[in-house]
Structure formats: C-alpha cells, structure tokens
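Below, each chain spelled out in residue letters.
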Amino acid sequence: MSPVNGGATRDRLRIAIQKSGRLSEPARALLASCGLSWRESRDKLFCYGETLPVDLLLVRDDDIPGLLADGVCDYGIVGRNVLDEVGADRALRGLPQVSKAVRGLGFGGCRLDIAIPESTEWTGPAQLQGSRIATSYPGLLQQWLDGQGVQATIVNLSGSVEIAPRLGQADFICDLVSSGATLTANQLKPAVTLMTSEAVLAGPITPFADVRGELASLLLRRLDGVLRLRDSRLVMFQARRDGVDALLKLLPDAEAPTLLQVDGSDRVALQVLCHGEMTWPRLEALKQAGAAGVMVLPVERMLA
Ligand code: ATP
Ligand code: ZN
C-alpha cells in the first residue's frame with residue numbers, strides 16, 4: 001500500500017469519498033459499476049483497490065476539498081455545495097481559488113434554500129434585512145446576501161440547522177433541501193433557492209504526468225459509459241411503416257433506430273436506444289401514436 005504522500009508521484013490512483021452519509025453508497029456503487037473493487041482495511045478509512053490500482057479514502061465530505069487541494073487524493077466525490085462553499089469562503093477571505101475539473105454524477109441532488117416559518121409570508125430578499133439566519137453554508141449565504149445588497153447576521157451551525165428558529169437562535173435558515181420533508185416537519189417552508197447541487201467527481205484540470213494519467217483516463221472513460229447508460233433504455237415496439245416518423249418525433253432522445261420488416265405485413269418492428277427516462281406518460285403517448293407491444297428494457301453494458 002502506498003503511503004499518504006501529498007502531491008508526489010504515485011503509481012496508484014486515490015479517490016476520496018464520504019465515509020458514511022448520503023453520498024457514500026451511491027459513490028461506491030458508481031465506482032463499482034466502473035469495474036473497481038476493494039479490500040477493506042481494518043480501520044475502514046482506506047480501501048485497497050484490487051481489480052485496478054485505484055484506492056479509496058473514506059472521509060467526512062467536508063474534508064474532501066482540502067484533501068484534493070493538498071494532493072492527498074487525486075479525485076473526490078462530493079456535493080457541489082461543499083466545493084462551492086469552500087470557494088465562496090476563499091473568495092470572501094481574498095484567497096485564490098483552487099481550480100478543479102468537475103463532472104456531475106446524477107445523484108445527491110438537492111438545493112440550498114433559505115427557508116422561513118410556514119406562518120410567514122415571503123415578500124422578497126429585503127425581508128431578510130437585519131435578521132438572523134442559521135446555516136452550515138456561511139460562505140455561500142454571505143455571497144448571496146452581498147449580491148442582494150442585504151445585511152443579515154449569519155448564525156453558523158454545523159448541524160440541526162432546521163430547529164434553530166424554534167430554539168430562538170435564528171429567524172430564518174439557509175439549508176440543503178431535497179424532498180422538503182425536514183422543513184415541513186419543522187414548520188418551515190422554502191422561500192428562495194441559492195443554488196442547486198448534485199454529487200460531482202472533482203479532479204485535476206491537467207492530466208497526471210505519471211502512471212496515474214492512464215489510469216485516470218481509463219476510469220473517466222468507463223464512468224462516461226456508465227453515466228450515459230444510467231437512464232438509457234432499449235425501447236421496442238411494432239408500428240405501421242407510415243407511422244414511424246411520427247413515433248420517432250416522440251423519442252427525441254433516441255439514437256438511430258433499428259427497423260425490421262414484420263413478415264407479410266405493412267408493419268415494422270423498432271428497436272431504439274433512448275437516453276431519457278421512459279416514464280408512463282411517454283409510453284402512453286407512443287401507444288396513442290400507433291405503437292403496439294411497447295417494451296422497455298434496461299441496458300446492462302454497452303461498448304460503442
Ligand atoms: P459528514 O459526516 O460526511 O460530514 P454530512 O452530514 O455533512 O456528513 P450528508 O447529510 O450525508 O453529509 O450529506 C452529504 C451530501 O448529500 C450533501 O453535502 C449534499 O450534497 C447531499 N444532499 C442531498 N440531499 C440532501 C439533503 N436533503 N440534506 C443534506 N444533504 C443532501
Ligand atoms: Zn459534512
């Protein structure tokens with residue numbers, strides 16, 4: 001196992017992911033679907049890559065931007081919100097930004113919202129003037145308030161932000177929201193969105209000069225394939241040949257279809273790879289436009 005050695009040359013790639021939390025399982029699953037597997041260490045902080053020389057560091061998500069900046073890890077899977085908070089904090093302190101290449105991964109979706117008590121009517125950002133706002137995202141909140149020309153006191157809390165108004169610590173909160181259930185449970189409602197976020201893979205802008213360069217491009221290529229197929233489905237149906245154009249208009253996210261003549265009829269069988277989600281309303285629209293026997297199949301793997 002290679003020692004933790006900052007930005008020095010290494011022959012293994014190291015990816016930091018959240019140890020336990022919302023992003024840990026989906027991050028592992030995504031990397032596993034790229035063909036990676038690991039041997040767990042006893043302290044469960046470092047997982048040694050078995051199929052490829054790609055190791056995992058299991059850490060708190062807040063530590064990932066720093067580990068990347070220091071070169072302790074090469075890539076990190078973290079919420080865009082966490083990276084942007086570090087960026088906002090550095091900007092407010094007049095420090096230079098640490099540039100990273102970032103790729104959205106399609107999970108961990110959420111918004112950073114200002115939320116207000118359910119009984120309060122939202123009249124606009126000016127309403128926040130002179131108030132106290134509890135948050136774990138003081139940098140992003142301060143930047144947004146500055147942009148709105150609003151002065152407010154930021155109450156910096158590391159957790160349980162949503163109960164701050166009930167405890168009298170703050171008037172409003174600025175927190176991550178996904179379903180909104182936590183807000184409702186605390187008699188709060190969303191008022192304004194500061195940013196939308198998802199989990200991202202953050203990594204270097206310039207390729208590695210050592211053996212990690214090849215490993216990284218192999219991994220990124222596999223990741224691209226996995227992400228491209230994630231919502232992809234093989235859609236199969238039959239239709240009259242003269243109805244095909246209208247049907248394909250309903251599938252703008254489809255790759256070039258395969259058409260097969262159905263023996264002894266004016267009907268064709270179509271096979272189409274669609275990249276968007278195939279919802280029930282989409283299937284119903286196909287049926288209405290003349291598609292028969294519509295089948296939607298998952299795509300396990302694809303090599304273009
Ligand atoms: P850690 O112990 O690693 O610091 P944490 O409590 O900061 O954990 P989680 O609550 O697991 O982290 O959230 C991790 C990330 O999940 C967030 O930074 C955000 O990007 C994403 N996320 C998605 N939905 C939500 C949500 N409703 N609340 C909080 N985070 C969310
Ligand atoms: Zn955290």
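Small disclaimer: the values here were computed from a predicted structure and weren't measured.

**Q** Which parts of the structure should I look at to understand the UniProt feature "domain: ATP phosphoribosyltransferase catalytic" (unreviewed entry) in the chain?
**A** Residues annotated in UniProt with the feature "domain: ATP phosphoribosyltransferase catalytic" (unreviewed entry) correspond here to residues 60–203. Summarising residues 60–203: 24% helix, 32% strand, and an end-to-end C-alpha distance of 17 Å.

**Q** Would you explain the sheet that holds strand 6 (residues 101–104) in this entry?
**A** The strands making up a sheet associate through hydrogen bonds between their backbones, and the pairing can be parallel or antiparallel. If you trace the 7 strands from one edge of the open sheet to the other, you get 2-3-4-1-5-12-6, paired in mixed fashion. Strand pairing shows two members of the sheet lacking a second neighbour, strand 2 (38–40) and strand 6, which therefore form its edges. Strand after strand, the sheet turns through a mean of 25 degrees between neighbouring axes, direction not considered. Pairing analysis gives 6 bridges linking strand 1 (residues 13–18) to strand 4 (residues 54–59), with the strands arranged parallel. Its bridge partner lying in strand 4, leucine 13 is registered against valine 54. Against the sheet, helix 1 (residues 24–33) engages strand 1, strand 2, strand 3 (46–49), strand 4 and strand 5 (75–79), with an angle of about 150 degrees to strand 1.

**Q** Explain the confidence of the model for the chain to me, please; I cannot follow it from the model alone.
**A** The predicted coordinates should not be examined in detail at positions where pLDDT is low. For the chain, the mean per-residue pLDDT works out to 93, and 97% of the residues sit at or above 70. Contacts for the low-pLDDT stretch residues 1–6, under 50 throughout, to residues beyond four places or in other chains number 14 contacts.

**Q** Please explain the coordination of the zinc ion (ligand 2) as it appears in this structure.
**A** Each pair of donors in an ideal four-coordinate tetrahedral metal site encloses 109.5 degrees, whereas pairs in an ideal six-coordinate octahedral site enclose 90 or 180 degrees. Around the zinc ion (ligand 2), the donor atoms from the protein are Asp61 (OD) and Asp62 (OD), and they sit 2.1 Å away. Angles of 72 to 175 degrees at the metal separate the 4 donor atoms of the zinc ion (ligand 2), which places the site in the irregular class. Owing to a relative accessible area of 43%, aspartate 62 belongs among the partly exposed residues under this scheme.

**Q** What exactly am I supposed to notice about unusual backbone geometry here?
**A** Note: most residues except glycine have negative phi, and most peptide bonds are trans. Phi is positive for serine 160, close to 50 degrees, though the residue is something other than glycine. With respect to the helices, strands and loops of the structure, serine 160 is situated in the loop between strand 9 (153–156) and strand 10 (172–177).

**Q** Got a minute to help me understand the pairing of strand 5 in this structure?
**A** The side chains of a regular strand alternate, residue by residue, between the two faces of the sheet. Burial within strand 5 is extensive, with 5 of its 5 residues counted as buried. By the bridge criterion, 2 bridges tie strand 1 to strand 5 in an arrangement that is parallel. Pairing of alanine 16 across the sheet is with glycine 76, part of strand 5. Judged from the 4 bridges that link them, strand 5 and strand 12 (residues 199–203) form a sheet pairing that is antiparallel. The residue bridging glycine 79 from the neighbouring strand is alanine 199, located in strand 12.

**Q** Could you clarify how one ought to interpret the side chain of aspartate 74 in this entry?
**A** Checked against the element boundaries, aspartate 74 lands in the loop between helix 2 (64–69) and strand 5. On the basis of relative accessibility, which here comes to 4%, the residue aspartate 74 falls in the buried class. Polar side-chain contacts of aspartate 74 include one of 3.0 Å to the side chain of arginine 10. Those residues in contact with aspartate 74, other than ones at most four positions away along the chain, are Arg10, Arg12, Leu13, Arg14, Leu68, Ala202, Gly203, Pro204, Phe208 and Arg212.

**Q** I would appreciate a short explanation of the layout of surface pockets in the present structure.
**A** One water molecule sets the probe size; rolling that probe over the atoms shows where empty space is left. Put simply, the largest pocket is a space of about 1000 Å³. The wall of the largest pocket is formed by 37 residues, among which Arg22, Asp61, Asn81, Tyr137 and Leu176 lie closest to the centre. Elements supplying a minimum of two residues to the lining of the largest pocket: helix 3 (80–92), strand 10 and helix 5 (181–185). Considering only residue class, the lining of the largest pocket consists of 13 nonpolar, 16 polar and 8 charged. Each of domain 1 (3–108 + 199–229) and domain 2 (110–196) gives at least three residues to the lining of the largest pocket.

**Q** Just checking my understanding: could you explain the site of ligand 1 for this structure?
**A** The environment of ligand 1 is formed by 16 residues, the closest being Arg22, Arg60, Asp62, Asn81 and Ser178. Residue aspartate 61 places a side-chain N or O atom 2.8 Å away from an oxygen atom belonging to ligand 1. About the coverage of ligand 1: the protein hides 77% of its 630 Å² of free accessible area. Put simply, ligand 1 lies in the largest pocket. The residue makeup of the shell around ligand 1, split by class, is 5 nonpolar, 7 polar and 4 charged.

**Q** I tried to follow the packing of aromatic side chains on my own but got confused; where do I start?
**A** Aromatic rings in a pair are described by how distant their centres are and how their planes are angled relative to each other. A complete count under the given rule lists 1 aromatic pair for this structure. With 6.3 Å between their ring centres and 70 degrees between their planes, tyrosine 75 and phenylalanine 208 make a pair best called edge-to-face. Of the two residues, tyrosine 75 is situated in strand 5 and phenylalanine 208 in the loop between strand 12 and helix 6 (212–230); the sequence distance between them amounts to 133 residues. There is no split in this pair, since tyrosine 75 and phenylalanine 208 are both buried.

Here is what the cut-offs are and how they apply
Residues numbered from 1 in each chain as written. Chains lettered and ligands numbered in written order. Predicted model: local features only at pLDDT ≥ 70, side-chain atom pairs only at ≥ 80, totals over all residues. Heavy atoms only, no water. UniProt positions renumbered as here; feature names shortened; annotations may be inferred. Helix = DSSP H or I, 4+ residues; strand = E, 2+ residues; numbered from the N terminus. Pairing = 2+ DSSP bridges. Axes fitted to C-alpha atoms, helices over the stretch in contact; angles between N-to-C directions. Contact = heavy atoms within 4.5 Å. pLDDT = per-residue confidence, 0-100. Donors = N, O, S within 2.8 Å, 3.2 Å for Na, K, Ca; no water. Tetrahedral: all angles 85-135°; square planar, octahedral: opposite > 155°, others 65-115°. Buried < 20%, exposed > 50% of the residue type's maximum accessible area, 1.4 Å probe, protein only. Polar contact = N/O pair within 3.5 Å; in protein donor to acceptor, adjacent residues only side chain to side chain. 1 Å grid on protein atoms, 1.4 Å probe; cavity = no way out; pocket = protein on both sides within 12 Å on 5 of 7 lines; lining within 4 Å. Points joined across faces, edges and corners; volume = space filled by probe spheres on them. Nonpolar A, V, L, I, M, F, W, Y, C, P; charged D, E, K, R; others polar. Domains from an automatic or database assignment. Near = heavy atom within 4 Å. Areas by Shrake-Rupley, 256 points an atom, 1.4 Å probe, with all protein chains shown as cover. Sits in = over half its atoms within 2 Å of the grid points. Phe/Tyr/Trp six-rings, centres within 6.5 Å; stacked < 30°, edge-to-face > 60°.

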